[in-house]
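# Architecture at a glance
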Amino acid sequence: MIEIERKFLVNSKAFKSEAFNSYAIKQGFLNSHKERTVRVRLKKELGYLTIKGKSTANGLSRFEWEKEISIMEAESLLELCEAGMIEKTRYEVRLGNHIFEIDEFFGANKGLIIAEVELNSEDEVIEYPIWLGKEVTGEVKYYNSQLSKNPFTTW
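The text that follows walks through the structure, step by step, so that each part is easy to find. Keep in mind the model is a prediction, meaning the values are calculated, not measured.

All told, the structure shown has six aromatic pairs when counted by the stated rule. Centre to centre, the rings of Phe-8 and Tyr-128 are 5.9 Å apart; their planes meet at 90 degrees, and the pair counts as edge-to-face. Linking Phe-8 in strand 1 (residues 2-10) with Tyr-128 in the loop between strand 8 (113-118) and strand 9 (132-135), this pair joins segments that are 120 residues apart in sequence. Between Tyr-142 and Trp-155, the aromatic rings sit 5.2 Å apart at their centres with planes inclined by 75 degrees, giving edge-to-face as the arrangement. Here the residue Tyr-142 occupies a position in the loop between strand 9 and helix 2 (144-147), and Trp-155 occupies one in the segment after helix 2, the gap between them amounting to 13 residues. Classification of Tyr-142 by relative accessible area gives buried; the value is 6%. Cluster of aromatic residues (ring-pair linked, three or more members): Phe-15, Tyr-91, Phe-100 and Trp-131. A cation over a ring is seen here: Arg-62 above Tyr-143, with NZ or CZ 4.9 Å from the ring centre.

This paragraph deals with the pattern of salt bridges. Scanning the entire structure with this criterion turns up 13 salt bridges. With its nearest N and O atoms 2.9 Å apart, the salt bridge here joins Lys-16 to Glu-104. In this pair, Lys-16 is assigned in the loop between strand 1 and strand 2 (21-33) and Glu-104 in strand 7 (residues 98-105), connecting sequence segments 88 residues apart. For Lys-16, a relative accessible area of 31% translates into the label partly exposed.

Okay, the nonpolar core next. Val-10, Phe-15, Phe-100, Ile-102, Ala-115 and Trp-131 are the most contacted members of the largest nonpolar core, which totals 16 residues. Among the secondary structure elements, those contributing two or more residues to this core are strand 1, strand 6 (86-95), strand 7 and strand 8. Apart from residues lying up to four places away in sequence, Val-10 is in contact with Phe-15, Ile-102, Ile-113, Ile-114, Ala-115, Trp-131 and Gly-133. Core analysis: the next-biggest nonpolar cluster, separate from the first, contains eight residues, Phe-105, Ile-114, Val-136 and Tyr-142 among them.

With that out of the way, let us pick up unusual backbone geometry. Backbone geometry follows two general trends: most residues other than glycine have a negative phi, and most peptide bonds adopt the trans configuration. A positive phi angle, near 55 degrees, is found at Lys-44, a position not held by glycine. Locating Lys-44 in the fold gives a position in the loop between strand 3 (36-43) and strand 4 (46-53). Assessed through its relative accessible area of 49%, Lys-44 is described here as partly exposed.

Turning next to the pairing of strand 2. Of the pairings in the sheet, the one linking strand 2 to strand 6 comprises seven bridges and is antiparallel in character. From the neighbouring strand, Tyr-23 faces strand 6, where its bridge partner is Arg-90. Examined bridge by bridge, strand 2 and strand 3 share eight bridges and lie antiparallel to one another. Paired with Gln-27 across the strands is Arg-41, a residue of strand 3. In textbook terms, the turn of a hairpin is the stretch between consecutive antiparallel strands, and for strand 2 and strand 3 this stretch comprises two residues.

The rules we used
For every chain, the first residue of the written sequence is number 1, and numbering continues from 1 onward in sequence order. Under the rules for a predicted model, residues below a pLDDT of 70 receive no local features and side-chain atom pairs below 80 are neither given nor counted, while totals for whole chains, interfaces and linings still include all residues. In computing side-chain values, all of the structure's heavy atoms are included and hydrogens and water are not. Any Phe, Tyr or Trp ring, taking Trp's six-membered ring, that has another such ring centre within 6.5 Å forms a pair; planes under 30 degrees apart are called stacked, those over 60 apart edge-to-face, and the others tilted. Starting at the N terminus, helices and strands are each numbered in turn, a helix being any DSSP run of H or I of at least four residues and a strand any DSSP run of E of at least two. Note on classification: 1.4 Å probe, protein chains only; a residue is buried when its accessible area is under 20% of the maximum for its type, exposed when over 50%, partly exposed between these limits. Note on criteria: charge over ring means Lys NZ or Arg CZ within 6 Å of the ring centre, with the direction from the centre no more than 35 degrees off the ring normal. Between Lys or Arg on one side and Asp or Glu on the other, a salt bridge is scored when a side-chain nitrogen of the former is within 4 Å of a carboxyl oxygen of the latter. Put simply, a nonpolar core is a bunch of buried Ala, Val, Leu, Ile, Met, Phe, Trp, Tyr and Cys residues held in one set by side-chain atoms that sit within 4.5 Å of each other. Whether two residues are in contact is decided by their heavy atoms, any of which lying within 4.5 Å being enough. Two strands are counted as paired when DSSP detects at least two bridges linking them.

Here's what the structure looks like:
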């Protein structure tokens, strides 16, 4: 139940031609406190409730628990969320032994594109595609919970 991931800015849309899958995501936060976040997400035809703990000092690891819920439950919970919905399209790109999840944001975060890659250990080596930009792992302003409160277009 520990998530280990690295996060990067994306410097071009070249990843789109490499994607093997893409889908829309809508999510909100029931709680966006830095010690814990509670997220509600609609993805494809499913809903999810996710609880994440505080990140380690280097930003690579944190507790994550996720439960699939019905679309009706997710839609009802989204109505209770804090202000600042996140809307994005997620693209999945396979590179070596990893799958990069690239999120192209819309609405108040339009123009932001972030790639994440989940790891099995903090020192795991990854391949760097040409469209991968600056690493922002651990930079709190790029967490979705923070983007819901302080959107990219206001920076």
